[in-house]
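Coordinate analysis (summary)
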Amino acid sequence: MALQIDFSGQTVLVTGAGRGLGKSMALTFAQAGADVFLGNRKEDQGLETVKEIEALGRRSGFVRCDVAQESEVQRLLEAAQEFGGGRLDVVVNAAGVISVEDLLYTTDDEVRRLFDINVLGTIHILKHALPLLEKQRSGNIVTVSSIAGRGGLDMLQAYCASKAAVISLTQSAARMAAKYGVRVNSIAPGIIRTSMWEEILDGMAHGWNPANKSPLNAQEREELWQSSVQKMIPMGHAQQPEDIAWATVFLASNLAREITGQVLTIDGGTTMV
Ligand SMILES: NC(=O)c1ccc[n+]([C@@H]2O[C@H](COP(=O)([O-])OP(=O)(O)OC[C@H]3O[C@@H](n4cnc5c(N)ncnc54)[C@H](O)[C@@H]3O)[C@@H](O)[C@H]2O)c1
């Protein structure tokens, strides 16, 4: 038989599954046979993903959840476990936000907003998923970091720091979980033109200073994307959401059973560290 990735009979939880990379991951796990439970801050987007998963013939469910709120994450994990009939096999935390304010102009409030979601959100997921998986003595967690967390950039500094923290948390959690047979890894996406990148293009246009805010029109965004962003990528093109989803499904699968505490970068060669 040909080599397969098969999640039949498994339950996967994906946060941030309302759009972008989280949505693509949720749909890809469903294509691989999993039943997929979702958490997202925006309910309408989450429910739309549920419909698309059900159209693939898999079971799905949704709880509105802001990962920055610990009580909501706790409720999400409980609901996902119940959905799985008492088991949860994979937890993917794709919920995350960007901040396009330069270090020299940003405010404490903006940095707190970013860290509450990207860092505290990851802590909440790990804090409530680890005991559950450790008790089962099986399962794995995939966090979503970024190439931005693998080395500083001369832009997006607070975002870089938040994603470096996600990598560090992933490595510590992997050490804690290994003796229970539970794996923890991180996916570091490169450049994928989701809604997040539309925000970054606006940030590039106003020099990362929120005081100069002048949103670009569609044509200006396209020119900036073609002229500067794509040039950063040695392979010459941005990644697609499914590239990130396929790597996530691999890391969560049994093919990666000896991989833990690692960061898998999918970036067309943008970083080579
Ligand atoms: N797009 C890229 O190029 C890129 C590159 C590297 C890393 N990432 C990371 O990938 C993840 C997904 O990014 P994306 O590009 O799909 O972004 P996106 O903005 O398109 O989607 C983010 C999703 O997360 C949800 N969300 C946001 N805050 C939330 C919260 N507090 N609680 C629950 N849900 C929340 C949103 O409702 C949305 O559905 C993020 O962690 C991001 O930092 C993206």
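In what follows, the structure referred to is the one given above.
Computed from a predicted model, the values in this text were never measured in an experiment.

**Observations concerning the site of the ligand**
- Taken together, 30 residues lie near the ligand, and G16, G18, G20, G96 and T194 sit nearest.
- Listed by contribution, the elements that provide at least two residues to the shell around the ligand are helix 1 (20-31), helix 4 (108-136) and helix 6 (195-205).
- Here the shell around the ligand is composed, by residue class, of 14 nonpolar, twelve polar and four charged.

**So, the pairing of strand 5 (residues 140-144)**
- Most of strand 5 is tucked away, with five of its five residues classed as buried.
- Burial of strand 5 is two-sided: the residues N140, V142 and V144 facing one way and the residues I141 and T143 facing the other way are all buried.
- Where strand 4 (residues 90-93) lies against strand 5, four bridges are found, and the strand directions are parallel. The partner of N93 across the bridge, within strand 5, is T143.
- Following the chain from strand 4 across helix 4 to the adjacent parallel strand 5, one finds a crossover that is right-handed.

**Notes on the environment of R137**
- Along the polypeptide, R137 turns up in the loop between helix 4 and strand 5.
- Judged by local crowding, R137 falls into the exposed class, with 10 C-beta atoms found within 10 Å.
- For R137, the residues in contact, after removing those within four places along its chain, are Y180 and G181.

**Re unusual backbone geometry**
- The phi torsion at L156 lies on the positive side, around 50 degrees, for a residue other than glycine.
- Turning to its location among the elements, L156 is positioned in the loop between strand 5 and helix 5 (157-178).
- With 23 C-beta atoms packed within 10 Å, L156 lands in the buried category.
- Its identity as a non-glycine residue notwithstanding, W208 has a phi of 65 degrees, on the positive side.
- Structurally, the position occupied by W208 is in the loop between helix 6 and helix 7 (218-229).
- Overall, W208 belongs to the buried group, with 21 C-beta atoms counted inside 10 Å.

About the thresholds
- Residues numbered from 1 in each chain as written.
- Predicted model: local features only at pLDDT ≥ 70, side-chain atom pairs only at ≥ 80, totals over all residues.
- Near = placed C-beta within 6 Å.
- Helix = DSSP H or I, 4+ residues; strand = E, 2+ residues; numbered from the N terminus.
- Nonpolar A, V, L, I, M, F, W, Y, C, P; charged D, E, K, R; others polar.
- Buried ≥ 20, exposed ≤ 12 C-beta atoms within 10 Å, placed from the backbone.
- Pairing = 2+ DSSP bridges.
- Right-handed = clockwise from strand over helix to strand, strands pointing away.
- Contact = placed C-beta atoms within 7 Å.

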